[in-house]
Amino acid sequence: MTGSRIASLGHYQPAKVLTNEDLAGLVDTSDEWITSRVGIRTRHIAGPDEPVDELAAHAAAKALAAAGLTPGDIDLVLVATSTAVDRSPNTAARVAARLGVPSPAAMDVNVVCAGFTHALATADHTVRAGAATRALVIGADKMSEVTDWTDRTTCVLVGDGAGAAVVEASPGTGEPGVGPVLWGSVPEMGHAVRIEGVPARFAQEGQSVYRWATTQLPPIARRACERAGLAPADLAAVVLHQANLRIIEPLAEKIGAVNAVVARDVTASGNTSAASIPLAFSKLVEQGAVTSGDPVLLFGFGGNLSYAGQVVRCP
């Protein structure tokens, strides 16, 4: 056993699309103001009858189908989310029930925007330890439900969606498909990105997050490549948390991934928090922008000022 690998990916977005022009009818903003500051043009918004676990289950079902597996093949369900309304049953248990997974370990992971890469590392460690054989790792968030739609500084950013990966053991002597994780946080700056209060509302200190992401994270992301035994120039793609195009592009450049495709799904999907990395990665695979076996850096950052990244091999 050499570790784990991503066997397949899947993603899901609600049908409703909210454009910048639509937002200009709600708050004092414009398409030019939004695109120049964050690069977002559209985002998908879930309806009141579309809870987080439903978004997650749709993405997971597509990942299962892509792998040629059934729910009975899964023994671990991990859902990265920070927007589930209910505490129990947790989102992972509800996804398992929707899909008909018979008796999995089912856990939620709340590391907000870095949630998927934390959950992926957890699945990798669990498979390596022999405590699971196949896992569904899902990032799903309904940011529209925790957004103040009268606040133009935050409502222009968010979208809803889900992305999922099937993670399984990778036997043999080849390279592991999920590389070592590099993760951490800056707890004293946790106030910079928040979802708190009753009712819960999303808020952030935009300039603080921008400075931290563009100055402190590039060397950390390069170290994640080093742990995988790769130089940034060897990467085929870079999938960063889709927060803001003005963060993604400078960060990708400073990492030194000069030959890599850089995911820019934020322009079409907005900031979908824990869903953003698997959603963007799944789209790259679907579009043929990367091919099986390609090394891809996944790097999540944001809420709690937490971060986690690893190099994975494209399914």
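Rules used throughout
Residues numbered from 1 in each chain as written. Predicted model: local features only at pLDDT ≥ 70, side-chain atom pairs only at ≥ 80, totals over all residues. Heavy atoms only, no water. Salt bridge = Lys/Arg side-chain N within 4 Å of Asp/Glu carboxyl O. Helix = DSSP H or I, 4+ residues; strand = E, 2+ residues; numbered from the N terminus. Buried < 20%, exposed > 50% of the residue type's maximum accessible area, 1.4 Å probe, protein only. Contact = heavy atoms within 4.5 Å. Axes fitted to C-alpha atoms, helices over the stretch in contact; angles between N-to-C directions. Parallel < 35°, antiparallel > 145°, perpendicular 65-115°, else oblique. Left-handed = near helix turned anticlockwise from the far one by under 90°. Nonpolar A, V, L, I, M, F, W, Y, C, P; charged D, E, K, R; others polar. Arc of directions from axis to C-beta. Polar contact = N/O pair within 3.5 Å; in protein donor to acceptor, adjacent residues only side chain to side chain. Phe/Tyr/Trp six-rings, centres within 6.5 Å; stacked < 30°, edge-to-face > 60°. Lys NZ or Arg CZ within 6 Å of the ring centre and 35° of its normal. Pairing = 2+ DSSP bridges.

Further remarks concern the pattern of salt bridges. All told, the structure shown has 12 salt bridges when counted by the stated rule. One salt bridge connects R98 with D53, and the closest N-O pair in it is separated by 2.5 Å. Linking R98 in helix α4 (residues 91-99) with D53 in helix α3 (residues 52-67), this pair joins segments that are 45 residues apart in sequence. The buried category is assigned to D53, whose relative accessible area is 9%.

This next bit is on the environment of V111. In this fold, V111 is placed in the loop between β5 (105-109) and α5 (115-128). With 190 residues separating them along the chain, V111 and F301 place their C-alpha atoms 9.0 Å apart. When sequence neighbours within four positions are dropped, the list of residues in contact with V111 reads H118, G303, N304 and S306.

Put simply, helix α7 (residues 206-227) and helix α8 (residues 245-255) touch, their axes get as near as 9 Å, and they point 30 degrees apart. With respect to each other, α7 and α8 are oriented roughly parallel. You can see that α7 and α8 cross each other, and the crossing is right-handed. In contact with V209, Y210, A213, T214, L217, P218, A221 and R222 of α7, α8 contributes R246, I247, P250, L251, K254 and I255. Of the residues contributing to the contact of α7 with α8, the split by class is 10 nonpolar, one polar and three charged.

Bringing α8 into the picture now. Within an α-helix, residues lying three or four positions from one another point in the same direction, as the helix has 3.6 residues per turn. Of the positions making up α8, those classed as buried are L245, I247, I248, L251, A252 and I255. The buried side chains of α8 occupy one side of the element, clustering within an arc of 155 degrees when seen end-on. Sitting at the head of α8, N244 places a side-chain oxygen 2.7 Å from the backbone nitrogen of R246. Once α8 ends, the next one or two residues include G256, with phi positive near 95 degrees.

This paragraph deals with the packing of aromatic side chains. This model, assessed by the stated rule, comprises one aromatic pair. Aromatic pair F299 and F301: ring centres 6.4 Å apart, planes at 40 degrees, arrangement tilted. There is no split in this pair, since F299 and F301 are both buried. One Lys or Arg, R152, reaches over the ring of W33 and ends 4.5 Å from the middle of that ring. Here the basic side chain of R246 rests over the ring of Y210, its NZ or CZ set 5.5 Å away from the ring centre.

Pairing in this open sheet of five strands is mixed, and the strands run β1-β7-β6-β4-β5 from one edge to the other. Taken across any chain shown, the strands that pair with only one partner, and hence form the sheet edges, are β1 (4-12) and β5. When the angles between neighbouring strand axes are averaged without regard to direction, this sheet yields 15 degrees. Each of β1, β4 (76-80), β5, β6 (134-142) and β7 (160-169) is contacted by α5, which is oriented at about 160 degrees to β4, the strand it contacts most.

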